[in-house]
Structure formats: structure tokens, C-alpha cells
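Chains, contacts and geometry: an overview
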Amino acid sequence: MILFFAENGQEIKNGFLKSQNKAGTSNIYGEEQMALDKWADEVLINGLKKTRLVRYIATEEQPNIIEIDNPRNQFGVVIDPLDGSSLIDVNLAVGTIIGIYPGTVLDKGENMIAAMYILYGPLTTLTFTTGNGVHDFVMGEKGEFYLTAENIRIPDGKIYAPGALRKDYLPAHSKFIESLENDGYKLRFSGSFVADMHQILHKGGVFTYPGIKGKEKGKLRLLFEANPMGRIIAEAGGAISNGKKDILSILPDAIDNITPVYAGSKKEIGLIERYTQELSV
Ligand code: AFP
């Protein structure tokens, strides 16, 4: 969508070139915003306002849900305009995450009708689902997209992407990580959920940003990160959990809800849920 509204690939490159600095403002999570966070947010919101394609817009950078005047449809859209902000100044891969609901955005992830993410790496790729498989595209020179992989299924694999500090792990999570390490999983954590999940989707394994001591609810945003990515990974034959249950079954009560996240192959998701149950009785 950012590609659609930014008109062509060159405009995105220019956006990246011109918006490397800090914006001097904070978002609703108290995090410092980068100029690029704000630029991407503006491109997407302005594009949606102009086309009136949806009724509701909620983004990670906005304090409230935006309602469009005279919408042509009733859709609600959730957006993380620029995921992986801490990597902007070191030129590592970042992304955009989007989910589309039939109406209100305060809905369960399982009711999402479409989800997608865009990964700005050496290539710009787009991965999406409308509930009919997960498909990958790559952007060409003029902003056009070419299908590169159809009906992607998450394979068995031994990659783990563990967020947070080991000293803050809770017991079930410690046991989970120890078990993966004993089983020979390779560590791959970049600081961009989109980049890490794209690797897990294609190579198998698990991404986790757990609840930790003092922050039992975790860090990742339920609406803007966990749900759209969860919708994609579940459609590809994987699963997403908060360590206890399927995240997609949770009804949000506010746009800034956060959640512990385990996303990847069903095998690893089953394992953490088993450890959580064993260690909480
Ligand atoms: P934003 O860049 O959208 O704020 O999100 C970054 C993120 O939520 C997710 O993409 C990463 O997995 C995670 O934060 C990294 O967090 P740490 O910097 O604490 O490792």
C-alpha cells in the first residue's frame, strides 16, 4: 500500500534518503519517532483519505482511530507504517505491516479479511493473504510487482529469533529457549519483526518477543504487528500464540494493546504452550 500511495519505487527511495533523522516526537508507546516513521505514516493515511477506500484507519503512530468522511467501503485498516525503526540509521531491512478488517479495527485477528507486509531490503518485496494462500511479490524498477512465490507453506526449520534480554526471561520461556538451543536452532534476530518473520516464513522455526519480568505483557503491538503477521503465518500453515493461546482469538479493548508473541511453525508454538501450562500449575 505504501508503494501504491507513494506512486513509484523512486519516491520510496527518496523518502528513505530524506528522512533518516529523529523526528523529535514520541508515539503512544512513549517511543521516539524517526522522521521516516512519520513520513510513512503520512503517505499511508493521506493515500487512504484521498481514495476513501476504507472507513477506519488505526496506525502505530496515531493516538486515535481515524474515521474517513464519506467512505466508499466500511473496511477498517491497521498499519505499522515503519516496522524496525531502530534499524533505519544503520541501513538494515525494515518493513510495513497492514491488516484489513470488514469493519471496526477493534476486532479479533481471526476476523481479518486480508493482511500484508512489505519488506524493504536489498529488494522490496510484498507478501499478502486474502485467506486464499500466502503469496510473495518483488517490486520492479517502475514500482510494478512480479509474483515470486505462490501458496507459501512454512517449512520445518531450525531458526529462532528471540527478542528481549535473557536475564529477564520468565521460567516457561527460559525452558523453551533452552530446548531450542539444545536442539541446534540457529539464532537470527534483527530488530525488525517483518524481516525476522519473512525469514521464518520461508525457512521455518520461531520468532518470539516474550513477556518478561516487569513487562509480562511483552512489547509487540497486538493490532499493528501480532495480528496481521499472525494472519499470514497461520494461513501459511503456522501459528501465533501469546504463550498460552492463539493470539488471533483475542478481542482487543484498545488500539495500544500489547502482547507476548510466539510466531512460527506449529511444532514450536505447541512447545511453548505446553511449557507455559506445565510451569503455571
Ligand atoms: P517499531 O519499529 O515499529 O517500533 O517496532 C520494532 C519492534 O516492535 C519489532 O519490529 C522488533 O521485533 C522489536 O521491536 C525489537 O525490539 P528490541 O529493540 O527491544 O529488540
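Residues numbered from 1 in each chain as written. Predicted model: local features only at pLDDT ≥ 70, side-chain atom pairs only at ≥ 80, totals over all residues. Heavy atoms only, no water.

Description of the sheet that holds strand β5 (residues 76-83)
With respect to topology, 8 strands assemble into an open sheet ordered β4-β3-β5-β6-β7-β8-β9-β10, the strand pairing being mixed. Edge positions in the sheet fall to β4 (66-67) and β10 (145-149), since each has one partner strand and no second. Pairing analysis gives 6 bridges linking β5 to strand β6 (residues 94-101), with the strands arranged antiparallel. Among the inter-strand pairings, Ile79 is bridged to a residue of β6, identified as Ile98. Of the strands in this sheet, β3 (56-59), β4, β5 and β6 touch helix α3 (residues 35-51), which is tilted by about 155° from β5. Contacting β5, β6, β7 (114-120), β8 (124-129) and β9 (134-139), helix α5 (residues 193-203) runs over the sheet at an angle of about 105° to β7. (Pairing = 2+ DSSP bridges. Helix = DSSP H or I, 4+ residues; strand = E, 2+ residues; numbered from the N terminus. Contact = heavy atoms within 4.5 Å. Axes fitted to C-alpha atoms, helices over the stretch in contact; angles between N-to-C directions.)

Some remarks on the packing of α5 against helix α6 (residues 222-235)
With their axes 11 Å apart at the nearest point, α5 and α6 run at an angle of 15° to one another. Considering the angle they form, α5 stands roughly parallel to α6. Considering only the axes of α5 and α6, their crossing is right-handed. Of the residues in α6, those touching α5 at Phe193, Val194, Met197 and Leu201 are Glu225, Ala226, Met229 and Ile233. (Parallel < 35°, antiparallel > 145°, perpendicular 65-115°, else oblique. Left-handed = near helix turned anticlockwise from the far one by under 90°.)

A few points about the site of the ligand
The immediate surroundings of the ligand are formed by 17 residues, with Asp83, Gly84, Ser85, Tyr209 and Glu225 found nearest. In this structure, Glu60 approaches the ligand through a side-chain N or O atom, which is 3.0 Å from an oxygen atom. Taking Lys219, its side chain carries an N or O atom lying 3.0 Å from an oxygen atom of the ligand. Tallying contributions element by element places β5 first for the shell around the ligand, with 3 residues. (Near = heavy atom within 4 Å. Polar contact = N/O pair within 3.5 Å; in protein donor to acceptor, adjacent residues only side chain to side chain.)

Points about the sheet that holds strand β11 (residues 159-162)
One open sheet accounts for 5 strands, arranged β12-β11-β13-β17-β15; its pairing is mixed. Here the strands that pair on one side only, and so sit at the sheet edges, are β12 (186-187) and β15 (239-241). Taken together, the 3 bridges between β11 and strand β13 (residues 206-209) define a ladder with parallel strand orientation. Within β13, the position partnered with Ala161 by the bridge is Phe207. Along the sheet, α5 makes contact with β11, β13 and β17 (261-264), crossing β13 at roughly 150°. Contacts from α6 reach β15 and β17, with the element oriented near 150° to β15.

So, the nonpolar core
Of all hydrophobic cores here, the largest spans 39 residues; its most connected members are Val78, Phe193, Phe207, Ile240 and Val261. Of all elements in the fold, only β3, β6, β7, β11, α5, β13, α6 and β17 reach the threshold of two or more residues within this core. Take this core: its biggest share by element is 7 residues, from α6. What Ile240 contacts, discounting residues up to four positions off in sequence, is Ala226, Gly230, Ile233, Lys245, Asp246, Ile247, Leu248, Val261, Tyr262 and Ala263. (Core = buried A, V, L, I, M, F, W, Y, C linked by side-chain atoms within 4.5 Å. Buried < 20%, exposed > 50% of the residue type's maximum accessible area, 1.4 Å probe, protein only.)

Description of the packing of helix α4 (residues 171-182) against helix α7 (residues 266-279)
One can describe the packing of α4 onto α7 by two numbers: an axis separation of 8 Å at closest approach and a directional angle of 140°. Taken together, α4 and α7 sit at an angle that is classed as oblique. Here α4 runs over α7; the crossing is right-handed. Along the contact surface, α4 presents Pro171, Ala172, His173, Lys175, Phe176, Ser179 and Leu180, while α7 presents Glu268, Leu271, Ile272, Tyr275, Thr276, Glu278 and Leu279. Of the residues contributing to the contact of α4 with α7, the split by class is 8 nonpolar, 3 polar and 3 charged. (Nonpolar A, V, L, I, M, F, W, Y, C, P; charged D, E, K, R; others polar.)

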